[in-house]
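# Descriptive structure summary
Letter by letter, the chains look like this.
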Amino acid sequence: MTDISPSPRLALITGASAGIGTSIARLYASKGFNLALVARREDRITKLAAELSAQFGMSAYAFACDLSVPDAPGEIMDMVENACGPVDILVNNAGYGIAKRYHETDWTDQAAFLQLMLTTPCEMTHRVLPGMRARGFGRIVNIASIAGLAPPASGHTLYAAVKAGLVRFSQSLNAENDGSGVHVTAVCPGMTYSEFHDVNGQRPKVSKLPGWMWQSAEAVALESWTASEANKAMHVTGRYNRLMWSAARLLPENMAFGIMKKRSAALGKDGR
Ligand SMILES: NC(=O)c1ccc[n+]([C@@H]2O[C@H](COP(=O)([O-])OP(=O)(O)OC[C@H]3O[C@@H](n4cnc5c(N)ncnc54)[C@H](OP(=O)(O)O)[C@@H]3O)[C@@H](O)[C@H]2O)c1
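Given the structure is predicted, the values throughout are model-derived calculations rather than measurements.

Bringing the packing of aromatic side chains into the picture now. Within this structure, the stated rule accounts for seven aromatic pairs. Note on Tyr 96 and Phe 113: the rings are 5.4 Å apart at their centroids and 80° apart in plane angle, and the pair reads as edge-to-face. With Tyr 96 in the loop between β5 (89-92) and α4 (107-135) and Phe 113 in helix α4, this pair connects stretches of sequence that are 17 residues apart. Classification of Tyr 96 by relative accessible area gives partly exposed; the value is 22%. Of the residues examined, Phe 113 reaches a relative accessible area of 1% and is grouped as buried. Through successive ring pairs, a cluster of aromatic residues spans Tyr 28, Phe 33 and Trp 225. Between the NZ or CZ atom of Arg 9 and the centre of the ring of Phe 137, over which it lies, the distance is 3.6 Å. In this structure, Arg 249 is placed above the aromatic ring of Trp 245, and the distance from its NZ or CZ to the ring centre is 3.8 Å.

The computed volume of the second largest pocket comes to approximately 410 Å³. What lines the second largest pocket is a set of 19 residues, and nearest its centre among them are Gly 148, Leu 149, Ala 150, Pro 151 and Glu 253. Going through the elements one at a time, α5 (157-176), α9 (239-250) and α10 (253-267) are the ones with two or more residues in the lining of the second largest pocket. The dominant element in the lining of the second largest pocket, judged by the number of residues it contributes, is α5, at five residues. Among the residues forming the lining of the second largest pocket, the class breakdown is 14 nonpolar, two polar and three charged.

Residues in contact with the ligand amount to 31 residues; listed here are only the nearest, Ser 17, Arg 40, Asn 93, Tyr 159 and Ser 194. Between the ligand and Ser 17, the relevant distance is 2.7 Å, taken from an oxygen atom to a side-chain nitrogen or oxygen of the residue. At 3.4 Å, a backbone N or O of Ala 18 approaches an oxygen atom of the ligand. A total of 880 Å² of accessible area belongs to the ligand in isolation, and the protein chains cover 96% of it.

In this section: the pattern of salt bridges. On inspection of all chains with the given rule, the structure shows nine salt bridges. Residues Arg 135 and Asp 88 are paired through a salt bridge, measuring 3.7 Å at the closest nitrogen-oxygen approach. On the criterion of sequence distance, the pair formed by Arg 135 in helix α4 and Asp 88 in the loop between α3 (72-84) and β5 is long-range, its members being 47 residues apart. Among the residues examined, Arg 135 registers a relative accessible area of 40% and is labelled partly exposed. Between Arg 203 and Asp 198 there is a salt bridge whose closest N-O contact spans 2.9 Å.

Basis of the calculations
- Residues numbered from 1 in each chain as written.
- Predicted model: local features only at pLDDT ≥ 70, side-chain atom pairs only at ≥ 80, totals over all residues.
- Heavy atoms only, no water.
- Phe/Tyr/Trp six-rings, centres within 6.5 Å; stacked < 30°, edge-to-face > 60°.
- Helix = DSSP H or I, 4+ residues; strand = E, 2+ residues; numbered from the N terminus.
- Buried < 20%, exposed > 50% of the residue type's maximum accessible area, 1.4 Å probe, protein only.
- Lys NZ or Arg CZ within 6 Å of the ring centre and 35° of its normal.
- 1 Å grid on protein atoms, 1.4 Å probe; cavity = no way out; pocket = protein on both sides within 12 Å on 5 of 7 lines; lining within 4 Å.
- Points joined across faces, edges and corners; volume = space filled by probe spheres on them.
- Nonpolar A, V, L, I, M, F, W, Y, C, P; charged D, E, K, R; others polar.
- Near = heavy atom within 4 Å.
- Polar contact = N/O pair within 3.5 Å; in protein donor to acceptor, adjacent residues only side chain to side chain.
- Areas by Shrake-Rupley, 256 points an atom, 1.4 Å probe, with all protein chains shown as cover.
- Salt bridge = Lys/Arg side-chain N within 4 Å of Asp/Glu carboxyl O.

What follows is the structure in structure tokens.
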């Protein structure tokens, strides 16, 4: 843990070392929030904490942690609250994809994936929610994906499932906390420029997609902030993604799934 300086409201952002998480950290810093930045790459989050506190004059703390380890949510929350005080804003953003068919993967990899992508956000939320409600203020932002809303395809098998789970979880919590001062929002980006497709090895394929399908991480961060402040239970980022989502909802589910299934077969074994 690296303490960069002392406190107003504190935002804990997971996956702050790259992409959307870095952009969300920069946005909250620019609005004067103190930050607890979490990711495995300590050098990156320490550097980012120093850079943001120097630029914006708030406090930033870096906590290196692998959030796919089952004990991590409890440990990280204790460390953050001891060092920085209560968490007012929780952004569950850390994530990646496994671009293979389910039977080609090891269960240990899938178990770690489920832990990071679903169990950890749920536990982190469970830990911060009572304090937020007691103080009458809180923001929980779960970075899901348009994949959680679209008909699923072959490959990345559990990805759509965990993102759909995050969406439904956020919507239930949003309803449960209505009027409490705690906003809960699932944010559903589509293709976003970040390290995501380098990590999952899909960069050569996705780089063929046209530029208008993509958003910058900064644009996703800004829409996440606006949706959270408006207390939207779910927000699809980007005009193109909203259009695709609306179009998909017009089709009967079986027909939409059939189209995705054919597309998967045409694209090959990982469906992407
Ligand atoms: N990019 C897209 O097209 C896209 C679209 C829809 C949704 N999303 C979602 O957006 C979120 C952010 O992804 P991104 O696009 O910004 O990808 P990214 O640039 O690869 O960033 C992923 C972040 O997650 C962190 N992370 C990964 N595994 C971790 C672990 N075990 N423990 C702690 N931190 C971990 C990484 O940090 P370390 O490696 O330093 O740990 C990194 O900071 C993800 O939930 C992703 O599913 C992305």
